[in-house]
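# Structural characterization, general
Here's the letter readout for the chains.
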Amino acid sequence: MNSILFPASLTDIGASSFGECSKLASVTFAANSQLSTIGLNAFDACKLITSINLPASLVNIDGAFSNCAGLESIEVPAGVTTIGGATFANCTNLKSVLLKGTVQSLGKMAFMNCTQLSSLNLPDQLTSIESYAFQNCANLTNLKVPSGMSSLGGCAFYGCTGLKRIVISSTVTSIGDSAFAYCSTPMKVIFDNCTPTIS
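In short, a report on the structure. Not measured: the values here are computed from a predicted model. (Residues numbered from 1 in each chain as written. Predicted model: local features only at pLDDT ≥ 70, side-chain atom pairs only at ≥ 80, totals over all residues. Heavy atoms only, no water.)

Now for the overall build of the protein chain. Each helix and strand counted, the protein chain has 0 helices and 18 strands in total. Projecting the C-alpha coordinates of the protein chain onto the three principal axes gives extents of approximately 50 × 25 × 20 Å. Across the 199 residues that make up the protein chain, the buried fraction comes to 47%. Counting contacts in the protein chain only where the partners sit at least 6 residues apart, residues at least 24 apart contribute 28% of the total. Counting every atom, the protein chain has about 8700 Å² of accessible surface; 49% of that belongs to carbon and sulfur. (Helix = DSSP H or I, 4+ residues; strand = E, 2+ residues; numbered from the N terminus. Buried < 20%, exposed > 50% of the residue type's maximum accessible area, 1.4 Å probe, protein only. Contact = heavy atoms within 4.5 Å. Areas by Shrake-Rupley, 256 points an atom, 1.4 Å probe, with all protein chains shown as cover.)

Right, let's get into the nonpolar core. Phe-43, Phe-111, Ile-129, Phe-134 and Phe-157 are the most contacted members of the largest nonpolar core, which has 60 residues in total. Excluding anything up to four places from it in sequence, Phe-111 contacts Phe-88, Ala-89, Leu-94, Val-97, Leu-106, Leu-117, Ala-133, Phe-134, Gln-135 and Cys-137. (Core = buried A, V, L, I, M, F, W, Y, C linked by side-chain atoms within 4.5 Å.)

So, on to the sheet that holds strand E9 (residues 96-99). Read across the open sheet, the 4 strands follow the order E5-E7-E9-E11; overall the sheet is parallel. Each edge of the sheet is formed by a strand with only one pairing partner; in this case those strands are strand E5 (51-52) and strand E11 (119-120). (Pairing = 2+ DSSP bridges.)

So, about the environment of Ser-118. Summarising the element assignment, Ser-118 is placed in the loop between strand E10 (105-106) and E11. Between the C-alpha atoms of Ser-118 and Leu-163, which are 45 residues apart in sequence, the distance is 10.0 Å.

Okay, the sheet that holds strand E17 (residues 188-191) next. With parallel pairing, 3 strands are arranged side by side in an open sheet as E13-E15-E17. Looking at which strands have only one partner, the edges of the open sheet turn out to be strand E13 (142-144) and E17. The mean angle between the axes of side-by-side strands here comes to 10°, regardless of whether they run parallel or antiparallel. Examined bridge by bridge, strand E15 (residues 165-168) and E17 share 4 bridges and lie parallel to one another. Among the inter-strand pairings, Arg-165 is bridged to a residue of E17, identified as Lys-188. (Axes fitted to C-alpha atoms, helices over the stretch in contact; angles between N-to-C directions.)

Let us look at the packing of aromatic side chains. Evaluated as defined, the whole model comprises 11 aromatic pairs. The interplanar angle of 5° and the centroid separation of 5.7 Å between the aromatic rings of Phe-65 and Phe-88 together place this pair among those described as stacked. Of the two residues, Phe-65 is situated in the loop between strand E6 (60-61) and strand E7 (73-76) and Phe-88 in the loop between strand E8 (82-83) and E9; the sequence distance between them amounts to 23 residues. Measuring from ring centre to ring centre gives 5.5 Å for Phe-157 and Phe-180, while their planes differ by 5°; the resulting arrangement is stacked. A residue pair is termed long-range when its members are at least 10 positions apart, and Phe-157 in the loop between strand E14 (151-152) and E15 and Phe-180 in the loop between strand E16 (174-175) and E17 qualify at 23 residues. The same class applies to Phe-157 and to Phe-180, which are both buried. Of the aromatic side chains, those joined through ring pairs into one cluster are Phe-6, Phe-18, Phe-29, Phe-43, Phe-65, Phe-88, Phe-111, Phe-134, Phe-157 and Phe-180. (Phe/Tyr/Trp six-rings, centres within 6.5 Å; stacked < 30°, edge-to-face > 60°.)

Our focus in this paragraph is the side chain of Ser-105. Among the structural elements, Ser-105 can be located in strand E10. Contacts of Ser-105, omitting those with residues within four sequence positions, involve Thr-81, Thr-82, Ile-83, Leu-126, Ser-128 and Glu-130.

Once the charged atoms of two side chains with opposite charge are near each other, the side chains can pair. Tallied over the entire structure, the rule returns 1 salt bridge. Residues Glu-75 and Lys-100 are paired through a salt bridge, measuring 3.2 Å at the closest nitrogen-oxygen approach. In this pair, Glu-75 is assigned in strand E7 and Lys-100 in the loop between E9 and E10, connecting sequence segments 25 residues apart. With relative accessibility at 34%, the residue Lys-100 sits in the partly exposed group. (Salt bridge = Lys/Arg side-chain N within 4 Å of Asp/Glu carboxyl O.)

Below, the discussion takes up the pairing of strand E3 (residues 26-29). Residues Val-27 and Phe-29 point to one face of E3 and are all buried, whereas Ser-26 and Thr-28, pointing to the other face, are not buried. Pairing of strand E1 (residues 3-6) with E3, which is carried by 4 bridges, proceeds in the parallel orientation. Counterpart to Ser-3 in the pairing with E3 is Ser-26.

Read these as spatial facts, not as claims about activity.
As structure tokens, then:
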């Protein structure tokens, strides 16, 4: 199986549904798709997929695309509020991520080991970046934490060796253990009128 066209009536893709389908290269959703959920490891290790146009109806993504080493870019629709744990972990060729609209939380290891990731927007609605979310994202260079954020999880940016500058917004009150450990030297961290507790 090298391609799939999902019908508009489909609402849920269950856990591990297409995990390790090594020949799967094309995933398409029909116009007016009603898909709301893509489950844990649904497309895990589908290494020939280079891009996916996720439908606007999507609400939940939970670890769905981990280990998709060929994936180069992704746009997350406006209806999605949470990027679940390890959703794009180990997508080692992922270069560009566009988070539209209402994403409020990035789960643990959400983009861990996305070593080529260089283009990323953190939306204003974002309130939580959990532990290891961007660990070893070595190509990230410049980030601004949105004004709605309250905390950064432990090891959130651990090993981001390319990170040169990050602005921490005034609403951040807590920065977890080793959040910026093993990042670049020197790295400029700008605290925008805030005095967070640093573990």
